[in-house]
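As a plain string of letters, each chain reads:
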Amino acid sequence: VKRRAMTTRESNTSAESGFRMPAEWDKHEATWLGWPHNRTDWPGKIAPIHWVYGEIVRKIAPDEIVRILVNSEQHETQVRRILKRVGVDSDRVEFFRFPTNRGWTRDFGPIFVRCEEPREVAIARFCFNAWAKYPDWDLDCHIAERVAETMGRRIFHVRHGGEDVVLEGGAIDVNGCGTLLTTEECLLDDKVQVRNPKLSRGDIEQVCRNYLGAGHVLWLARGIVGDDTHGHVDDLCRFVSPRTVVLCEEKNAGDENHRILEENRERLEGFRLQDGSRIEVVRLPMPEPLYLDGQRLPASYANFYIANSAVLVPTFNDPNDRIALGILAELLPDRPVVGIHAVDLVWGLGTLHCLTQQEPAL
């Protein structure tokens, strides 16, 4: 991909310039993926993970471009070979040789925002510090700038009170109409995985208003057990329409997630949307717990991804797979709902939504 001149740093916020983050079900120009290469993310499993990614690309590519981050020419050659073998049309894929530390594009990749008049797509550039947990993030934290430079996108550097703001894409979910979901555990934590120690709840809400066009923030409490991001909302609660969310439910009262999810349900039932209306809450089952070396894994059907051509849902060889797919098919009837085997994928402590990032269409 040829480079274009990078746009200048913006002094206004993206919302002041007329931009907001669209809902995921809005039409995409592309889906971004960072091809996996960090073997420590999938201990002993990296080889089959490449084929899972190949299947993901195969399902997305028919109706939007898939833009893939690779480390080198050699890495790209390997990926092309896999995609060819699984039947992906090479004309539907674009490669960007931007080295990464990991492949979790939802969290470090560009968060795209769109202006309706005049029609333009730009990037809200948040900082990334590897979930305030891992030491290696020097490559990932520059991906948004590199994408903006190459694609000729305007970039808005997200700041508040003179400080750069840290936020991962999996920490938020929007309905595209001004309301945003997140958790206190992730964005307000001041002890465990601290993203923005100087920012208050009100500061975070102002940031969401100024840069994502989402001034109405709904705060859930905690994320699910096993999520090493410390509370990402995309593992437990997601918008499926401007007025409807799915919320994970753990029926086993002895499971650690039961109380966590019930508390979040109680909060949601008391919330209102940006226009004052109530939220419709639809319960989504949880699969049976999965473990690796005694560690609980964040297996959740809420980590689905809404592409143009399909809704991709992680499945876990579990009886609830069928139920979760059926619920999402009823709620998102305009595109097929497709299960993607994720028992291997979740060893990396994330699944489909964590590794994708949508770029809205003009």
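Predicted model only: the values in this text are computed from it and were never measured.

*Asks:* Quick question: what am I supposed to make of the overall build of the protein chain here?
*Replies:* The secondary structure content of the protein chain amounts to ten helices and 21 strands. Taken over the C-alpha trace, the protein chain has a radius of gyration of 19 Å; the compact-globule value for 362 residues is 21 Å, and the two agree within 12%. Counting only C-alpha atoms, the protein chain reaches 55 × 45 × 40 Å along its principal axes. The 362 residues of the protein chain split such that 60% are buried. Residue pairs at least 24 apart in sequence account for 78% of intrachain contacts in the protein chain once pairs closer than 6 positions are excluded.

*Asks:* Mind showing me how you'd approach empty space enclosed by the protein here?
*Replies:* The gaps of empty space that remain are located by a probe, the size of a water molecule, rolled over the atoms. Applying the stated rule across the entire model yields five cavities of 30 Å³ or more. Put simply, the largest cavity is a space of about 70 Å³. No other element matches strand β21 (residues 356-360), which puts three residues into the lining of the largest cavity. Its residues placed into classes, the lining of the largest cavity shows five nonpolar, three polar and three charged.

*Asks:* Would you take a moment to explain the packing of aromatic side chains for this structure?
*Replies:* The relation between two aromatic rings is expressed through the spacing of the ring centres and the mutual angle of the planes. This structure, assessed with the given rule, holds eleven aromatic pairs. Ring centres of tryptophan 32 and phenylalanine 96 lie 4.8 Å apart, and the angle between their planes is 40 degrees; this geometry places the pair in the tilted category. Here tryptophan 32, found in strand β2 (residues 28-34), pairs with phenylalanine 96, found in strand β4 (residues 93-97); they are 64 residues apart in sequence, far enough to count as distant. The same class applies to tryptophan 32 and to phenylalanine 96, which are both buried. Ring centres of tryptophan 42 and tyrosine 53 lie 6.5 Å apart, and the angle between their planes is 90 degrees; this geometry places the pair in the edge-to-face category. Taken together, the positions of tryptophan 42 in the loop between β2 and α1 (46-60) and tyrosine 53 in helix α1 put the pair eleven residues apart, joining distant regions of the chain. The same class applies to tryptophan 42 and to tyrosine 53, which are both buried. Here lysine 45 stacks its cationic end above the ring of tryptophan 347, 4.8 Å away from the centre of that ring.

*Asks:* I'm lost on the packing of α1 against helix α2 (residues 73-85) in this one. Help?
*Replies:* How two helices sit against one another is set out by the angle between their axes and by the gap between those axes. Packing of α1 against α2 leaves a shortest axis separation of 9 Å and a crossing angle of 60 degrees. By the criterion of interaxial angle, the relationship of α1 to α2 is oblique. For the crossing formed where α1 meets α2, the hand is right-handed. Of α2, the residues touching α1 (which contributes His50, Trp51, Gly54 and Val57) are Ile82, Leu83 and Arg85. In terms of residue class, the contact of α1 with α2 is built from four nonpolar, two polar and one charged.

What counts as what
Residues numbered from 1 in each chain as written. Predicted model: local features only at pLDDT ≥ 70, side-chain atom pairs only at ≥ 80, totals over all residues. Heavy atoms only, no water. Helix = DSSP H or I, 4+ residues; strand = E, 2+ residues; numbered from the N terminus. Rg over C-alpha atoms; globule rule 2.2 N^0.38 Å. Buried < 20%, exposed > 50% of the residue type's maximum accessible area, 1.4 Å probe, protein only. Contact = heavy atoms within 4.5 Å. 1 Å grid on protein atoms, 1.4 Å probe; cavity = no way out; pocket = protein on both sides within 12 Å on 5 of 7 lines; lining within 4 Å. Points joined across faces, edges and corners; volume = space filled by probe spheres on them. Nonpolar A, V, L, I, M, F, W, Y, C, P; charged D, E, K, R; others polar. Phe/Tyr/Trp six-rings, centres within 6.5 Å; stacked < 30°, edge-to-face > 60°. Lys NZ or Arg CZ within 6 Å of the ring centre and 35° of its normal. Axes fitted to C-alpha atoms, helices over the stretch in contact; angles between N-to-C directions. Parallel < 35°, antiparallel > 145°, perpendicular 65-115°, else oblique. Left-handed = near helix turned anticlockwise from the far one by under 90°.

Keep in mind these numbers describe shape, not what the thing actually does.
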